[in-house]
Amino acid sequence: MKIAVFGLGYVGLVTATSLSEVGHQVIGYDADTDKLESLRNSEVPFYEPGLADLVSKNIDQGNLHFVDHIDWAIADSDVIFIAVGTPPKEDGSADLKSLYQVVESLGQMLERSITIVVKSTVPVGTNQAIDRALNALLESRGLQVSCDVVSNPEFLREGNALHDVFNPDRIVIGATSRQAFDTMRRLYAPFHFTCPLLEMEPASAELSKYAANAFLASRISFMNELSRLAETVGADINQVSTALGTDPRIGHHFLHAGIGYGGSCFPKDILSLRNMFWEHRIESPLTNAIQQVNSEQRHRFAKTIIEHLADAIDNSTIALWGLTFKPNTDDMRDAPSLEISQLLQKAGANVRLYDPVLNSAIKDRFPTDSQLEFVDDMYEAVHGADALVLVTEWTTFAEPDFTKVMQLMRTPNVFDGRNFWDPDFVRSQGFTYYGVGRPEIRFNQKGG
Ligand SMILES: NC(=O)C1=CN([C@@H]2O[C@H](COP(=O)(O)OP(=O)(O)OC[C@H]3O[C@@H](n4cnc5c(N)ncnc54)[C@H](O)[C@@H]3O)[C@@H](O)[C@H]2O)C=CC1
Ligand SMILES: O=C(O)[C@H]1O[C@H](OP(=O)(O)OP(=O)(O)OC[C@H]2O[C@@H](n3ccc(=O)[nH]c3=O)[C@H](O)[C@@H]2O)[C@H](O)[C@@H](O)[C@@H]1O
C-alpha cells in the first residue's frame, strides 16, 4: 500500500519505518524542514537503538521517502497516518493544535476518498470531531468524497520501540465502517502479527490508550506509596514486589518502586485523562492520586539525600548517574534528574552529571549554572564526591567497579533511586546505601 505519515517524532518515524520495512511504500512529512533534511541523510534526530540502521536500509531500498511538500505526501497515498505531538496545555488538557493543522491541510488538499489514521494519543471524541471537521471541509469544496477517520493508538515504549512495533501485544482499531476495518487489516497483514487485532468504536479505542497508560502508572504509584510504609515498618519493597508479582493475576511488570515515572507520556496522559473526568464532572480520586504520589516521590528522594548529608551538603559534590527519563533513550521530557538536580543545588550542593548518551539535547535541558557540571566519564563524576545518586538504571551502571568508586569518592554515600543495586553487596564494599523502600539505612548506618 502507499502510505503517508505526518509528524516524524518518535511514533511517526517508528511507524513510517516499520511500515516500509514490511514492504509498504511510505512517505514521511514533518513541519520541521531541518528534521526532514537530517532524515534524508539517514540521520535520526533522537536516540533509539536500531532505528537509524532501519531508516537507512529502507531509504536505500526505495521504500521510505521524506518530503517537505504536503501535496507530494498525499498525492498517491491510500492511507494517511497522523502522528504529531499532543503535549499538555497549562490546564493539563491535550493540545490538539498540530493535529488540527494537519486536518486543515488535508481538508484543503485532498481530492479523493482516503483513510486517515490517528496514531497520536487524543482525548475521547477527537476522532469523531476530526471526521466531522475533515468531511465538512471537503464538502465545502464541493467534492463528493468522504474520508474514514480511524483511531489506531500506539503502545510502544521508548528505548524498545522497534521490538514493540514488530511484536505488539494488541492492535487497537477504532472505526465506524467495515471498509475502514478491512483497510487496516490489509495494512497490518504483512507484519504477520500473532496478537489480537481489536475492532471497536473510536471512543473505546481512544479511551483504551489512556486506560493502559494510567493503569501502568497507577501500579508504579501504588508501589511507590507502599515503599514509604515499607521503609518505616522495616520491609523491603523489592521483596514485596516479587511476592506480589508472582501472583499471575498481578504479574511482575511495572511494580518497580523508585523515584517515579517521567517521560513524555505517563505524566501528560494522566493529566489529560484527569481533564476528561473534570470536563464530564466526574470525580476521579484515583487519577489525582497517581500523579500526586509520583511528584512527591522525587521530592522525598531529594529530601532524603539532603537530610542525610545535613550540614555537609553546603559545597558538597553530588554525582548523578543517568539523566534521561529511562534507559536507552535521550528523551529528557519530565526526566526526574531535572528536578532532583535542582533541589540538590538549591540545598547548596555542586552537582556533577553523567549519562551514557550525554549529548547537546540532554545538556540543553539543564540551566546554565556554575553549580552544575557535565562529565564524560561515570568515574570522573564520582571523583571527590560526597554522594553518588543513581537516577536512571542504564545497564552500564549495573555492575560498576565499586572498589574504584570507593577510592574516588570523598564520602561513600550511595543513593539508589531505582533500587538497582544489591544493598548488602554495596554495604559490604563500605558504602552507606540508601534505596527507596529499603529500610536498613535507618538502622545500619556505616559512616558518611
Ligand atoms: N513517544 C512515545 O513513546 C509515544 C507517543 N505516543 C503519542 O504519539 C504522539 C506523538 O508523540 P511523539 O512522537 O513523542 O511526538 P514528538 O513531539 O516527538 O514528535 C511530533 C512531531 O510532529 C511534528 N509536527 C508538528 N506539527 C506538525 C504538522 N502540522 N505537520 C507535520 N508534522 C508536525 C513535529 O515537528 C515533530 O517532529 C503523541 O500524541 C504521543 O502521546 C504514543 C505512544 C508512544
Ligand atoms: O504512551 C506512551 O508514550 C508510552 O508510554 C509508556 O512508555 P515509555 O514512557 O516510553 O516508557 P516506560 O517503560 O513505560 O517507562 C515510563 C516511566 O515509568 C518508570 N517506571 C517504569 C516501570 C516501573 O516499574 N517503575 C517505573 O518507575 C520508568 O522509569 C519511566 O520513567 C508505555 O509503557 C507505553 O506502552 C506507551 O506507548
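Remember, predicted model here, so these are calculated numbers, not experimental data.

## What to know about the site of ligand 2
Then, number 1: Near ligand 2 lie 20 residues; those nearest to it are Phe155, Leu156, Lys209, Asn213 and Cys265.
Then, number 2: With respect to ligand 2, the backbone of Phe155 contributes an N or O atom lying 2.7 Å from an oxygen atom.
Then, number 3: Here an oxygen atom of ligand 2 sits 2.9 Å away from a polar atom, N or O, in the main chain of His256.
Then, number 4: Protein burial of ligand 2: of its 710 Å² of free accessible surface, 89% is covered by the chains.
Then, number 5: At three residues, the largest contribution of residues to the shell around ligand 2 is made by helix α9 (residues 202-233).
Then, number 6: Its residues assigned to classes, the shell around ligand 2 shows nine nonpolar, four polar and seven charged.
Then, number 7: Both of domain 1 (2-200) and domain 2 (219-434) provide at least three residues apiece to the shell around ligand 2.

## Regarding the domain arrangement of the chain
Then, number 1: Domain annotation of the chain identifies domain 1 (2-200) and domain 2 (219-434).
Then, number 2: With centres defined by C-alpha atoms, the gap from domain 1 to domain 2 works out at 34 Å.
Then, number 3: Every contact between the two is made by 19 residues of domain 1 and, on the other side, 17 residues of domain 2.
Then, number 4: Interface of domain 1 and domain 2: buried area, both sides summed, is about 1,300 Å²; carbon and sulfur atoms make up 54% of it.
Then, number 5: Three residues stand out in domain 1 for area buried against domain 2, namely Tyr47, Gly92 and Glu158, and they jointly supply 41% of the buried area on that side.
Then, number 6: Viewed at the interface, domain 2 and domain 1 are joined by one salt bridge.
Then, number 7: One salt bridge in this structure joins Arg333 and Glu158, with 3.7 Å as the shortest N-O distance.
Then, number 8: Inspection of the domain 1/domain 2 interface yields six residue pairs in polar contact (both at pLDDT 80 or more).
Then, number 9: Looking at the side of domain 1 that touches domain 2 residue by residue, the classes come out as nine nonpolar, six polar and four charged.

## Structural notes on the packing of aromatic side chains
By convention here, two paired aromatic rings are described through the distance between centres and the angle between planes.
Then, number 1: In total, this model carries 19 aromatic pairs according to the counting rule given.
Then, number 2: For the pair Phe166 and Phe191, a centre-to-centre distance of 6.0 Å together with 40° between the ring planes defines the contact as tilted. Of this pair, Phe166 sits in helix α7 (residues 161-166) while Phe191 sits in the loop between α8 (178-188) and β8 (197-200), and the two are 25 residues apart along the sequence.
Then, number 3: For Phe166, a relative accessible area of 26% puts it in the partly exposed group.
Then, number 4: Exposure remark for Phe191: the relative accessible area of 11% places this residue in the buried category.
Then, number 5: For the pair Phe301 and Tyr434, a centre-to-centre distance of 6.3 Å together with 35° between the ring planes defines the contact as tilted. Remark: Tyr434 occurs in strand β14 (residues 432-434) and Phe301 occurs in helix α12 (residues 285-309); sequence separation between them is 133 residues.
Then, number 6: Classification of Tyr434 as buried rests on a relative accessible area of 5%.
Then, number 7: Above the plane of the ring of Tyr379 lies Lys404, whose end atom (NZ or CZ) is 4.3 Å from the centre.

Thresholds, definitions, all that
- Residues numbered from 1 in each chain as written.
- Chains lettered and ligands numbered in written order.
- Predicted model: local features only at pLDDT ≥ 70, side-chain atom pairs only at ≥ 80, totals over all residues.
- Heavy atoms only, no water.
- Near = heavy atom within 4 Å.
- Polar contact = N/O pair within 3.5 Å; in protein donor to acceptor, adjacent residues only side chain to side chain.
- Areas by Shrake-Rupley, 256 points an atom, 1.4 Å probe, with all protein chains shown as cover.
- Helix = DSSP H or I, 4+ residues; strand = E, 2+ residues; numbered from the N terminus.
- Nonpolar A, V, L, I, M, F, W, Y, C, P; charged D, E, K, R; others polar.
- Domains from an automatic or database assignment.
- Contact = heavy atoms within 4.5 Å.
- Buried area = accessible area lost by both parts, 1.4 Å probe.
- Salt bridge = Lys/Arg side-chain N within 4 Å of Asp/Glu carboxyl O.
- Phe/Tyr/Trp six-rings, centres within 6.5 Å; stacked < 30°, edge-to-face > 60°.
- Buried < 20%, exposed > 50% of the residue type's maximum accessible area, 1.4 Å probe, protein only.
- Lys NZ or Arg CZ within 6 Å of the ring centre and 35° of its normal.

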